[in-house]
Amino acid sequence: MGAPSHYPVRLVLFGAPGVGKGTQASALMGRFGVPHISTGDMLRAAIREGTPQGQQARDIVERGELVPDVLISEMIGERLRCEDVGTGFILDGFPRTVGQAEYLDRTLEGQGRRLDAVINLAVPEAVIAERLTGRRVCEACGTSFHLALRPPRLAGQCDVCGSELKQRADDSLYVIQGRLGVYARQTAPVLAYYGTRGVLREVDGVGTVEQVSERIEAVVARLSR
Ligand code: AMP
């Protein structure tokens, strides 16, 4: 396989909640030498810190709905101006609407950059529900675990930093169903947008973390440049 870390890699990891975007982005950021940018993590941090953006987003995120495009685009626009994205990035959870995808294209174009690929992680809905209800996240460092599939060494405690693991407020079965509906209505249309631009790649998201990472790396290694 080639050595993707030798050149900038600008990727979007795309798919419904629970397909493994965050897990894969964390696994691949070291491999590609680029930052993992998660809009969900940015929003949760803003909510914890009580910033004006966090206050505006809190109830919306807890209900599993999408925050307004203008709010999230402002946050991501600022992040994409940081120096560390010069080597590339892995976006996780953005874009989630066609409006956000258009904003991303315009922003990158203004910087003389463009996306290399949008990786659509395909996972059946039954697997998604199982992954999300069992997910437990470290509030301090953000590492994700799963009660059955990736249990922590000590119950309820993060392997990386020792802090307490929590279930996300929006990972209850009721909210998950709503989030999947939001994905189908507002986010899935983004696939057609990227389909016409020739950057969309589909990857089977079922399997171990390592198996799925290898599939993504193989896709990136084959990108024509
Ligand atoms: P995630 O961690 O990606 O599942 O995101 C958690 C929640 O943050 C979502 O359910 C939305 O409420 C909000 N969110 C994250 N990214 C976006 C986005 N690109 N556009 C709108 N809302 C978002």
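Only a predicted model underlies this, so the values are computations on that prediction, with no experimental measurement involved. (Residues numbered from 1 in each chain as written. Predicted model: local features only at pLDDT ≥ 70, side-chain atom pairs only at ≥ 80, totals over all residues. Heavy atoms only, no water.)

Observations concerning the packing of helix α2 (residues 39-49) against helix α4 (residues 69-79)
Then step 1. Two numbers describe how α2 lies on α4: the axes approach to 11 Å, and their chain directions differ by 105°. With respect to α4, the axis of α2 lies roughly perpendicular. On the side of α2, the interface is formed by Thr39, Met42, Leu43 and Ala46, while α4 contributes Leu71, Ile72, Met75, Ile76 and Arg79.
Then step 2. Along the lines of polarity and charge, the residues of the contact of α2 with α4 split into seven nonpolar, one polar and one charged. (Axes fitted to C-alpha atoms, helices over the stretch in contact; angles between N-to-C directions. Helix = DSSP H or I, 4+ residues; strand = E, 2+ residues; numbered from the N terminus. Parallel < 35°, antiparallel > 145°, perpendicular 65-115°, else oblique. Contact = heavy atoms within 4.5 Å. Nonpolar A, V, L, I, M, F, W, Y, C, P; charged D, E, K, R; others polar.)

A closer look at the confidence of the model for the chain
Then step 1. On average, residues of the chain score 93 in pLDDT, and 96% of them are at 70 or above.
Then step 2. Here helix α6 (residues 125-133) is the element of the chain with the lowest mean pLDDT, 92, and strand β4 (residues 117-122) is the one with the highest, 98.
Then step 3. Low pLDDT, under 50, characterises residues 1-6; the stretch is placed with 13 contacts to residues that sit more than four places away or in other chains. (pLDDT = per-residue confidence, 0-100.)

Focus: the pattern of salt bridges
Then step 1. Enumeration according to the criterion identifies 12 salt bridges in this entry.
Then step 2. Residue glutamate 65 pairs with arginine 63 through a salt bridge whose shortest N-O separation is 3.2 Å.
Then step 3. Accessibility expressed as a relative area gives 40% for glutamate 65, which makes it partly exposed.
Then step 4. Between aspartate 105 and arginine 197 there is a salt bridge, with the nearest N and O atoms lying 3.7 Å from each other. Of this pair, aspartate 105 sits in helix α5 (residues 98-110) while arginine 197 sits in the loop between α8 (189-195) and β8 (200-204), and the two are 92 residues apart along the sequence.
Then step 5. Salt bridges sharing partners connect three or more residues here, namely Arg135, Arg168, Asp170, Asp171 and Arg179. (Salt bridge = Lys/Arg side-chain N within 4 Å of Asp/Glu carboxyl O. Buried < 20%, exposed > 50% of the residue type's maximum accessible area, 1.4 Å probe, protein only.)

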